[in-house]
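So the chains spell out like this:
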Amino acid sequence: MNKEKRVRQKTTTGPKIDQMLSSMHTRASEANSAPQTSAKHASSDTAISSASFSERDEDGSNRNPAPNDFAMFTSEMRDMYRELQGDVKKVGADVTSIMTSIVSLKSDMANFGNRLGEAEERVSRLEDDHTRFENTTTTLSERVVQLEARLQYQENYSRRNNLRIKGVPENTELDGKVTECVIDVLRCLFPSGEDVKDIIIERAHRVPPMLQQARQDRTFGPRHILVRFLRYADREKVRRRAWELKEFKWKDARVEFYPDFTKEVQDKRNKFTEVRRLCMSKGLKYTLQYPAVFWVTLGGRRQRFVDATDARRSIEQYRTSEEVN
């Protein structure tokens with residue numbers, strides 16, 4: 001019963017509570033304004049009223065409060081009800097604002113989902129393009145390496161008739177005529193003049209001087225002379241004659257003859273300079289093949305090296321018969 005009563009009290013609307021409170025207040029007023037018939041009746045009524053309003057519950061609280069207390073109670077109830085109505089209105093406004101915000105968030109989430117889908121599609125296209133460009137770049141890189149190798153070969157092939165002469169002192173050419181100076185060197189290289197008569201030189205010149213900044217902290221000998229022969233056979237004749245002599249001097253200056261290669265090829269061949277000196281000290285036969293392949297004979301076997309470090313290690317570990325004895 002108490003539970004059902006509490007439920008009915010919770011579900012009672014505001015106007016019904018006002019009516020109930022008004023009726024109770026009216027009854028209390030009528031009770032206060034009733035005529036007193038006699039002192040006995042008044043005293044008895046007062047005793048009854050006092051007894052009725054002074055009845056207390058078992059827990060000590062008044063079951064029927066006095067009329068003034070009841071009026072205060074009703075007034076407080078009305079105030080509390082008004083406050084509750086204000087709070088309910090505020091809550092309703094807050095709920096409306098929250099619902100509006102939720103609707104806006106839903107719209108923003110829908111737009112965000114669309115934009116996220118577009119971004120994923122763009123990223124997918126970019127990944128496909130990146131893969132395609134990466135494959136294309138790999139192919140182009142390989143093609144560039146091939147073209148660079150062909151270009152190097154063609155440039156070095158165009159220099160096949162050239163010969164680089166090292167060690168000719170500066171200012172030894174008369175009136176700046178380098179060609180005549182080279183012919184004089186060749187006459188000393190070939191004792192018989194007949195071998196020199198058939199050699200035709202197209203042009204000859206010294207290499208340009210290096211910049212002063214590049215020459216700092218380095219010692220350089222005389223500038224090289226570049227000679228271009230009309231025929232490749234003449235160039236090979238001069239180079240072979242210089243190789244046979246092993247050491248050639250012109251005007252008390254040691255002169256050496258080298259093929260004319262590009263800087264890239266020359267740098268690769270220069271890595272084997274120490275290896276060649278080591279071979280000469282041990283009396284080993286070696287050759288340097290184009291562009292930079294080193295061949296050496298060790299123990300009757302001809303071995304091929306592309307890396308100068310590997311070649312030097314193998315030659316240092318090799319012991320000749322004289323060293324063994």
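- The protein is annotated in an unreviewed UniProt entry as L1 transposable element RRM domain-containing protein of Mugilogobius chulae.

Brief notes about the pairing of strand β1 (residues 162–166)
No. 1: In the sheet, β1 pairs with strand β3 (residues 225–229) via 4 bridges, with the strands oriented antiparallel. From the neighbouring strand, Arg-164 faces β3, where its bridge partner is Leu-226.
No. 2: Summarising the sheet, β1 and strand β5 (residues 253–259) pair through 4 bridges and their orientation is antiparallel. Bridge pairing in β5 places Ile-165 opposite Phe-257.

Some thoughts on the packing of aromatic side chains
No. 1: Scanning the entire structure with this criterion turns up 5 aromatic pairs.
No. 2: When the ring of Phe-272 is compared with that of Phe-294, the centres are 5.5 Å apart and the planes differ by 5°; the resulting orientation is stacked. With Phe-272 in the loop between α8 (263–270) and α9 (273–282) and Phe-294 in strand β7 (residues 293–298), the pair connects residues that are 22 residues apart, well separated along the chain.
No. 3: On the basis of relative accessibility, which here comes to 2%, the residue Phe-272 falls in the buried class.
No. 4: Ring centres of Tyr-286 and Phe-294 lie 5.6 Å apart, and the angle between their planes is 20°; this geometry places the pair in the stacked category.
No. 5: Residue class for Tyr-286 comes out partly exposed when judged on its relative accessible area of 27%.
No. 6: In this structure an aromatic cluster arises from ring pairing among Phe-272, Tyr-286 and Phe-294.
No. 7: Between the NZ or CZ atom of Arg-132 and the centre of the ring of Phe-133, over which it lies, the distance is 5.4 Å.
No. 8: When the ring centre of Tyr-232 is taken as origin, the NZ or CZ atom of Arg-160, which lies over that ring, is 4.0 Å away.

Things to note about the UniProt feature "coiled-coil region" (unreviewed entry) in the protein
No. 1: Here, the residues flagged by UniProt with the feature "coiled-coil region" (unreviewed entry) are residues 102–136.
No. 2: Secondary structure within residues 102–136 divides into 100% helix and 0% strand; the distance between the first and last C-alpha atoms comes to 50 Å.

With respect to the sheet that holds β5
No. 1: A sheet is described by the order of its strands in space; here 5 strands give the open sequence β2-β3-β1-β5-β4, paired in antiparallel fashion. The open sheet terminates on both sides in strands that have one partner only, identified here as β2 (201–206) and β4 (248–250). Mean inter-strand twist for the sheet, computed between neighbouring axes without regard to direction, equals 30°.
No. 2: Bridging between β2 and β3 involves 5 bridges; their strand directions are antiparallel. Directly across from Ala-204, in β3, lies its bridge partner Val-227.

With respect to the pairing of β5
No. 1: Covered by surrounding structure in β5 are Ala-253, Val-255, Phe-257 and Pro-259 only, the residues Arg-254, Glu-256 and Tyr-258 on the alternate face being uncovered.
No. 2: Bridging between β4 and β5 involves 3 bridges; their strand directions are antiparallel. Its bridge partner being in β5, Trp-250 is matched across the sheet by Ala-253.
No. 3: Following β4, the chain reverses through 2 residues before pairing antiparallel with β5; Lys-251 in that reversal takes a positive phi of roughly 55°.

Describing the confidence of the model for the protein
No. 1: Averaged over all residues, the pLDDT of the protein equals 79, while 74% of them reach at least 70.
No. 2: In this model residues 1–14 is a low-confidence stretch, pLDDT under 50, and it forms 2 contacts with partners more than four residues away in sequence or in other chains.

About the cut-offs
- Residues numbered from 1 in each chain as written.
- Predicted model: local features only at pLDDT ≥ 70, side-chain atom pairs only at ≥ 80, totals over all residues.
- Heavy atoms only, no water.
- Pairing = 2+ DSSP bridges.
- Helix = DSSP H or I, 4+ residues; strand = E, 2+ residues; numbered from the N terminus.
- Phe/Tyr/Trp six-rings, centres within 6.5 Å; stacked < 30°, edge-to-face > 60°.
- Buried < 20%, exposed > 50% of the residue type's maximum accessible area, 1.4 Å probe, protein only.
- Lys NZ or Arg CZ within 6 Å of the ring centre and 35° of its normal.
- UniProt positions renumbered as here; feature names shortened; annotations may be inferred.
- Axes fitted to C-alpha atoms, helices over the stretch in contact; angles between N-to-C directions.
- pLDDT = per-residue confidence, 0-100.
- Contact = heavy atoms within 4.5 Å.

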